[in-house]
Amino acid sequence: QVQLVESGGGLVQAGGSLRLSCVASGRTFSSYFMGWFRQAPGKERDFVAAISRTGGRTNTADSVKGRFTISRDNAKNTVYLQMNNLKPEDTSVYYCAAGQGPRYSGSDSNQYNYWGQGTQVTVSS
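Cut-offs applied
Residues numbered from 1 in each chain as written. Predicted model: local features only at pLDDT ≥ 70, side-chain atom pairs only at ≥ 80, totals over all residues. Heavy atoms only, no water. Pairing = 2+ DSSP bridges. Helix = DSSP H or I, 4+ residues; strand = E, 2+ residues; numbered from the N terminus. Axes fitted to C-alpha atoms, helices over the stretch in contact; angles between N-to-C directions. Salt bridge = Lys/Arg side-chain N within 4 Å of Asp/Glu carboxyl O. Buried < 20%, exposed > 50% of the residue type's maximum accessible area, 1.4 Å probe, protein only. Disulfide = S-S within 2.5 Å. Core = buried A, V, L, I, M, F, W, Y, C linked by side-chain atoms within 4.5 Å.

Draft legend 1. Up close: the sheet that holds strand E1 (residues 4-7). Spatial strand order, E1-E3-E8-E7: 4 strands in an open sheet with antiparallel pairing. A single partner strand is all that each edge strand has here, and the edge strands are E1 and strand E7 (68-73). Put simply, the sheet's adjacent strands are angled 15° from each other on average, direction ignored. As defined by bridge partners, E1 adjoins strand E3 (residues 18-24) across 4 bridges and the pair is classed as antiparallel. Opposite leucine 4, over in E3, you have alanine 24 as the bridge partner.

Rendered as structure tokens:
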């Protein structure tokens, strides 16, 4: 089992940047593909970005493409989400997730086995 702890959220003005981090417990971080999802009040949870076990493959939602970048450092058991040019519609709770299935899942939230508690990102206009 793995525990995930997100950090880096906060309040930022539109056009600003934030970098989210998610640290995983345990020694087998490199065996998980990782993803970021977000959920705004009253809305469903949406896929943001995902990265394969080695970091060689990434997927990003169209709504954030060109602005958000996912990366990972397996030596530090950490996955990152660099968010640039933030918009008010990016305001959400952002969740880190880990998947242990044999196939890299990308955007399918059902394939992720572990979830963090979330970190709030608020973008003011």
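Draft legend 2. The pattern of salt bridges, seen in detail. This structure, assessed with the given rule, holds 3 salt bridges. Where lysine 65 meets aspartate 62, a salt bridge forms, and the shortest distance between an N and an O atom there is 3.3 Å. Among the residues examined, aspartate 62 registers a relative accessible area of 66% and is labelled exposed. A salt bridge links arginine 67 to aspartate 90, with the shortest nitrogen-to-oxygen separation between them at 2.7 Å. Placement of the pair is arginine 67 in the loop between strand E6 (58-60) and E7 and aspartate 90 in the loop between strand E8 (78-83) and strand E9 (92-99), with a sequence separation of 23 residues.

Draft legend 3. The environment of lysine 87, seen in detail. Here lysine 87 lies in the loop between E8 and E9. Taking C-alpha positions, lysine 87 is 22 Å from threonine 58, a pair spaced 29 residues apart along the chain.

Draft legend 4. Structural detail: the state of the cysteines. Within this structure, the stated rule accounts for 1 disulfide. Here cysteine 22 is linked by a disulfide to cysteine 96, with a sulfur-sulfur distance of 2.1 Å. Disulfide cysteine 22-cysteine 96: the torsion about the S-S bond is -75°, which places it as left-handed. With cysteine 22 in strand E3 and cysteine 96 in strand E9, this residue pair connects regions lying 74 residues apart in the sequence. Take cysteine 22 and cysteine 96: they sit in the same class, and that class is buried.

Draft legend 5. Structural context of the nonpolar core. Ranked by size, the top nonpolar core spans 35 residues in total, and within it Leu4, Met34, Trp36, Val79, Leu81, Met83 and Tyr94 carry the most contacts. Elements with a minimum of two residues in this core: E3, strand E4 (33-39), strand E5 (46-51), E7, E8, E9 and strand E11 (119-124). Counting residues per element, this core draws most heavily on E5, which supplies 5 residues.

Draft legend 6. Spatial organisation of the pairing of E3. Of all the 7 residues making up E3, 5 are buried; the element is thus mostly covered by neighbouring parts of the structure. Where E3 and E8 come together, 6 bridges link them in antiparallel fashion. Residue pairing in the sheet places serine 21 in a bridge with tyrosine 80 of E8.

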